[in-house]
Amino acid sequence: MSSPTPIILDCDPGHDDAIAILLAAGHPGVELLAVTTVAGNGPLDKVTANARRVATLAGLLDLPIAAGAARPLVADHEASVEIHGTSALDGPALPDPRVELDPRPAVQLIADLLDASRVPVTLVATGPLTNIAHALDRVDRAKIGAVVWMGGSTGRGNRTPYAEFNSYADPEAAAAVVASGIPFTLVGLNLTHQAAATPEVIARFEALDSDLGRVVAGWLEFFGGTYRDVFGEPHAPVHDPCAVALVADPGVIETVEAFVAVETAGQWTRGATIVDLHARLGHPANARVAVDLDVDRFWNLIVDAVRELG
Ligand code: BDR
Ligand code: CA
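Every value quoted in this text rests on a predicted model; they were computed, and no experiment measured them.

A. Local environment of a negative patch on the surface. On the surface, Glu254, Asp292, Asp294 and Asp296 cluster together into a negatively charged patch. Tracing the backbone through its elements, the reader meets Asp294 in the loop between strand E11 (287-293) and helix H12 (295-309). The class of Asp294 is partly exposed, set by a relative accessible area of 33%.

Take a look at the structure:
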């Protein structure tokens, strides 16, 4: 088996971010070097505490966790209370955090880990791209193997009719990262809506008969409830672990090459991702775009990771 891909997971937990942390920590295809946090689903203090609680719950007591940007590059921060609750991770009770917070700002931790790594590191981002945009001129870019981002969509949005939440939260950051020339993969709503947490999926986590399995099932129940209330959808799409899965087990997701841009100025479309799947704009492809998920293989990965940790 080839060596695991070293990754840093930049996130805003968040129910699906929390499951992304578990997949990253429990799958042998990736080596989770650190978790960094960014204001997104909740304010920075809440999402950082949530990351530390999730790491505590999963026994990841040595996982470096550092806090990053408290606000987007230009816009004001807006939490996603209607989807993730006031704590940004409402639902099952979680332990008090016993994982220390790394004293370095997130970008400094990223810079130090890149410097220390002998091989390029993949940045997996599952929140607004603010930290990654800040990192662009403060780290050795040659050590970033790729940025894999859960954000945007080839179709419509969820925060506004045309903008996905992470993209809407900081379009300037997303535009800067896409334009940076660093290999970039977009894992958007068109892909993540294939990762539906059906009752059968939730039952698999309950059947693990572990505290961690029961908490994951509880998160998915909570997330499913808000998706039903807000969107009228029968099952929650479990977005963020899809980005980790693509790195851990590349065969789980099919991608295509396309030109991608992020709208920063539209009156109604700010944060929309323009994904030119049919090359109509005449620009060369600048991104890989996730289009098709092997659903059974994806859920097997997550159940196996939770079993491994639990
Ligand atoms: C994204 O927004 C957040 O609600 C989720 O954590 C995910 O990263 C989906 O649009
Ligand atoms: Ca997220």
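B. Looking closely at the layout of surface pockets. If you add up the space inside the largest pocket, you get close to 210 Å³. Every element with two or more residues in the lining of the largest pocket is listed here: helix H1 (15-26), helix H3 (81-84), helix H6 (165-169) and helix H10 (211-231). The element that contributes the greatest number of residues to the lining of the largest pocket is H10, accounting for four residues.

C. Fine view of unusual backbone geometry. The step from Pro13 to Gly14 runs through a cis peptide bond, and the omega angle for that step is -10°. On the secondary structure map, Gly14 appears in the loop between strand E1 (5-11) and H1. Of note, the phi angle at Ala88 is positive, near 75°, even though the residue is not glycine. In this structure, Asp209 takes a positive phi of about 55° despite not being glycine. Inspection of the secondary structure puts Asp209 in the loop between helix H9 (199-206) and H10. Residue classification places Asp209 among the exposed positions, given a relative accessible area of 59%.

D. Highlighting the pairing of strand E4 (residues 121-125). The buried count for E4 comes to five of five residues, which makes it a mostly enclosed element. Of the pairings in the sheet, the one linking E1 to E4 comprises four bridges and is parallel in character. The partner of Leu9 across the bridge, within E4, is Val124.

E. Local environment of the side chain of Asp102. Relative to the assigned elements, Asp102 resides in the loop between H3 and helix H4 (106-116). By relative accessible area, Asp102 is classed as buried at 14%. Side-chain polar atoms of Asp102 contact the side chain of Arg104, separated by 2.9 Å. In this structure, Asp102 is in contact with Pro64, Ile65, Ala66 and Leu109, ignoring residues within four places of it in sequence.

F. Inspection of the pairing of E1 at higher detail. Along E1, six of the seven residues are buried, which leaves the element largely enclosed by surrounding structure. Pairing of E1 with strand E2 (residues 30-37), which is carried by seven bridges, proceeds in the parallel orientation. Bridge pairing links Ile7 to Leu32 in E2. Each parallel crossover has a hand, and the one from E1 via H1 to E2 is right-handed.

G. Spotlight on the nonpolar core. Leu9, Val35, Phe205, Trp219, Leu220, Phe298 and Trp299 are the most contacted members of the largest nonpolar core, which totals 60 residues. Once residues within four sequence positions are removed from consideration, Phe298 is found in contact with Ala195, Val238, Pro241, Cys242, Ala245, Val252 and Leu293. In this structure, Ile8, Val107, Val177 and Ala258 belong to the second largest nonpolar core, which totals 35 residues.

Calculation rules
Within any chain, residue numbers begin from 1 and follow the written order of that chain's sequence. The naming scheme follows written order: chains are lettered A onward, ligands numbered 1 onward. It should be noted that, the model being predicted, local features are given only for residues of pLDDT at least 70 and side-chain atom pairs only at 80 or more, the latter also being counted only at that level, while totals for whole chains, interfaces and linings use all residues. Note that water and hydrogens are dropped before the side-chain values are worked out from all heavy atoms of the structure. Patches were defined on residues exceeding 30% relative accessible area and lacking a salt bridge, with like-charge contacts within 9 Å and nonpolar side-chain contacts (Val, Leu, Ile, Met, Phe, Trp, Tyr) within 5 Å. Surface accessibility in these figures is a Shrake-Rupley result with a 1.4 Å probe; residues are shielded only by whichever protein chains are displayed. A side-chain nitrogen of Lys or Arg and a carboxyl oxygen of Asp or Glu constitute a salt bridge if their distance falls within 4 Å. Positive: Lys, Arg. Negative: Asp, Glu. His and the chain ends are not part of the count. Here the site of a charge means atom NZ of a Lys, CZ of an Arg, CG of an Asp or CD of a Glu. Secondary structure follows DSSP: runs of H or I at least 4 residues long count as helices, runs of E at least 2 residues long count as strands, and numbering of each begins at the N terminus. Burial here depends on accessible area, computed with a 1.4 Å probe over protein chains only, as a share of the maximum for the residue type. Under 20% is buried, over 50% is exposed, and the range in between is partly exposed. In this analysis a 1.4 Å probe is tested at points of a 1 Å grid over the protein atoms alone, and where it fits but cannot get out there is a cavity; an open set with protein on both sides within 12 Å along at least five of seven lines is a pocket; lining residues have an atom within 4 Å of a point. Grid points are joined across faces, edges and corners, and a volume is the space filled by probe spheres set on the points. Paired strands, in this sense, are two strands between which DSSP finds at least two bridges. Throughout this description, a polar contact denotes any pair of N or O atoms lying within 3.5 Å of each other; where both atoms belong to protein, one of them has to be capable of donating a hydrogen while the other can accept it, and for residues adjacent in sequence the pair is counted only when both atoms sit in side chains. We call two residues in contact when some of their heavy atoms are within 4.5 Å. The crossover handedness rule: strands pointing away from the viewer, path from first strand over the helix to second strand clockwise, crossover right-handed. In this text, buried Ala, Val, Leu, Ile, Met, Phe, Trp, Tyr and Cys residues form a nonpolar core when linked through side-chain atoms within 4.5 Å.

Keep in mind these values describe shape, not function.
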